[in-house]
Amino acid sequence: MLPSAPHRPVVTRIAPSPTGFMHIGTARTALFNWLYARGRDGRFLLRIEDTDAARSTPKATAAILEGMKWMGLEWDGDVISQSANAARHAEVARLMLANGTAYKCFSTQDDIAAYREAAQAEGRSTLFRSPWRDADPASHPDGPYVIRVKAPIDGVTVIHDRVQGDVTIRNEQLDDMICLRSDATPTYMLAVVVDDHDMGVTHVIRGDDHLNNAARQMIVYHAMGWDVPVWAHIPLIHGEDGKKLSKRHGALGVHEYQAMGYPAAAMRNYLARLGWSHGNDEFFTDAEAQNWFDLDGIGKAPARLDFKKLAHLSGRHIATMDDAALLDGVLGYLAAASLPPLTAAQQTALTSAFDIVKGGAKSFPDLLEKARFCLIARPVQPDEKAAKSLDTVSRGMLAQLTPHLQTASWDRDNLEAAAARVAESHGMGLGKLAAPLRAALAGRTATPSVFDMMLILGRDETLLRLQDTCE
Ligand code: GLU
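Residues numbered from 1 in each chain as written. Predicted model: local features only at pLDDT ≥ 70, side-chain atom pairs only at ≥ 80, totals over all residues. Heavy atoms only, no water.

Considerations on the overall build of the chain
- Counting its secondary structure elements, the chain contains 19 helices and 12 strands.
- For a compact globule of 471 residues, the expected C-alpha radius of gyration is about 23 Å, and the chain comes in at 32 Å, more than 25% above that figure.
- Seen through its principal axes, the chain has C-alpha atoms that stretch 110 × 55 × 40 Å.
- Across the 471 residues in the chain, those meeting the buried criterion constitute 47%.
- Across the chain, the fraction of contacts at a sequence separation of at least 24, relative to all contacts at a separation of at least 6, is 74%.
- Treating the 50 positive side-chain charges of the chain as one cloud and the 57 negative ones as another, the clouds have centres 3 Å apart. (Helix = DSSP H or I, 4+ residues; strand = E, 2+ residues; numbered from the N terminus. Rg over C-alpha atoms; globule rule 2.2 N^0.38 Å. Buried < 20%, exposed > 50% of the residue type's maximum accessible area, 1.4 Å probe, protein only. Contact = heavy atoms within 4.5 Å. Lys, Arg positive; Asp, Glu negative; His and termini not counted. Charge placed at Lys NZ, Arg CZ, Asp CG, Glu CD.)

Re the sheet that holds strand 8 (residues 178–180)
- Read across the sheet, 3 strands follow the order 4-5-8 without closing on themselves; strand pairing throughout is antiparallel. Edge positions in the open sheet fall to strand 4 (102–105) and strand 8, since each of these has one partner strand only. Each adjacent strand pair in this sheet contributes to an overall mean axis angle of 45°, direction not counted.
- Looking at chain direction, strand 5 (residues 146–149) and strand 8 are connected through 2 bridges and run antiparallel. Within strand 8, the residue paired with Arg 148 across the bridge is Ile 178. (Pairing = 2+ DSSP bridges. Axes fitted to C-alpha atoms, helices over the stretch in contact; angles between N-to-C directions.)

Things to note about the site of the ligand
- Contacts to the ligand come from Arg 13, Ala 15, Pro 16, Ser 17, Glu 49, Tyr 188, Val 192, Arg 206 and His 210.
- Ala 15 is positioned with one of its backbone polar atoms (N or O) 2.7 Å from a nitrogen atom of the ligand.
- Here Ser 17 contributes a side-chain N or O atom positioned 2.9 Å from a nitrogen atom of the ligand.
- Protein contact buries 81% of the 300 Å² of open area that the ligand shows by itself.
- A per-class count over the shell around the ligand returns 4 nonpolar, 2 polar and 3 charged. (Near = heavy atom within 4 Å. Polar contact = N/O pair within 3.5 Å; in protein donor to acceptor, adjacent residues only side chain to side chain. Areas by Shrake-Rupley, 256 points an atom, 1.4 Å probe, with all protein chains shown as cover. Nonpolar A, V, L, I, M, F, W, Y, C, P; charged D, E, K, R; others polar.)

Things to note about the nonpolar core
- Ranked by internal contacts, the top residues of the largest apolar core, which has 50 residues, are Phe 44, Met 68, Tyr 257, Met 267 and Leu 271.
- Contributions of two or more residues to this core are made by helix 1 (24–38), strand 2 (43–48), helix 2 (58–71), strand 10 (230–234), helix 7 (254–260), helix 8 (264–273) and helix 10 (307–320).
- Examining the composition of this core, we find that 9 residues originate from one element, helix 1, more than from any other.
- Residues within four places of Met 267 in sequence aside, it is in contact with Ile 24, Trp 70, Met 71, Tyr 257, Tyr 262 and Leu 310. (Core = buried A, V, L, I, M, F, W, Y, C linked by side-chain atoms within 4.5 Å.)

Thoughts on the side chain of Thr 12
- Within the secondary structure, Thr 12 sits in strand 1 (residues 11–14).
- Dropping the residues within four chain positions of it, Thr 12 is found in contact with Asn 33, Trp 34, Tyr 36, Ala 37, Arg 43, Phe 44, Leu 45, His 203 and Ile 205.

Let's talk about the sheet that holds strand 2
- Reading across the sheet, the 3 strands line up as 1-2-3 and stay open at both edges, with parallel pairing between neighbours. Looking at the sheet topology across the chains shown, the edges are occupied by strand 1 and strand 3 (80–81).
- Pairing geometry for strand 2 and strand 3, over 2 bridges, is parallel. In the sheet register, Arg 47 faces strand 3, and the bridge partner there is Ile 80.
- Across the sheet, helix 2 touches strand 1 and strand 2, and the angle it forms with strand 2 is around 155°.

With respect to the pairing of strand 2
- Taking burial as the measure, the 6 residues of strand 2 include 5 buried ones, the bulk of the element.
- Pairing of strand 1 with strand 2 involves 4 bridges; the strand directions are parallel. Looking across to strand 2, one finds that Thr 12 is bridged to Phe 44.
- Regarding the hand of the β-α-β motif, the stretch spanning strand 1, helix 1 and strand 2 is right-handed.
- Between strand 2 and its parallel partner strand 3, the chain crosses via helix 2, and the hand of that crossover is right-handed. (Right-handed = clockwise from strand over helix to strand, strands pointing away.)

If you want it as structure tokens, here you go:
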């Protein structure tokens, strides 16, 4: 019997390059990695690919951390900085040199340009083939050099990809890529492999724009005799029009979705469904997603953004969120949208209204609009539409209702009975009284039920608002 492979706990990672904000595609890739690890008692790591010093400002890194935190994708351990590992990357380049899988290349930029020119003239591949690959070290000059890995020359490299299937690359397309530059700084391609290996990454789940990199990165894995991770290159996200996502499509950064007032739980649910499916399940919890998520469920075709679907899922999540999570979400939304924060009293009032407003709200601004009646201060200013329902007759009815409300016990049945009595005395149904009541209590025509509003506002506030209106 063959010995079974040693059990390697699952380790995934998200390795964003700091570009100033967290792209929605990065958020989805992070989510997939998070789901995969969390569902398997694995670890999910965060590495900032900050080798490009010009772009990698602390602000750009902070934007990623904020995006990750808002998305609720907590990572294990410390944030890993790729640039901090530069010495280790260089060490690996030298190890490859020592084991003969890499070599010192002394070719200058001019040499390379001349090589390409000649190759072009002769109709050969312009991929640079260094004359130093098999040179005797005794012939090495005492000048600057780069370290190149020895790529396989013929045959094919097959990437066994869990999403794309087996992807075959002809090795003649692979050059001896530079791993260490002449100033001893590591290249990105080397850094990624060394970091993934050192972090114990078992599964690399990332955008399929990195598929070709996998073939080149495998050269380093093989050169070092390291286990190649499981690859899963996921299709990129496209816009609603089916085209590659770009600025033209609007919201690209997760912070924009936060500022639009979508709960992070809904974003996780929505992004999970963007390119991955579990039967026909659309609405699910994190626990369910973690349980269900598997690489087999990832589709090969690019997923399209669908704002209608996002709004729908957002509504369903809002409807099931508890008070603390809702309040937290609303406060985060207000801050993200640069809107004034709620006072403590408004927070209390809003919380008391959650049960009646969270049913039909598709976003936090939607929720706040529905709960507006309990957040505004007297005197309520009816908008134009609402003001129309406050004619003399209606005001008379409201005035007539006031003494009933002063004595009614403050519960729905009694409030309804009191309102019905007043409406009937005018030969009208209860509905006729609803519009002026909405105008008086909320200043709007579309509001929660008038009795719900009364119950939340309480007797004193309700009477004061009616009084303001009837004056
Ligand atoms: N830094 C790369 C990016 O932001 C990801 C590299 C990788 O996942 O291997 O696209």
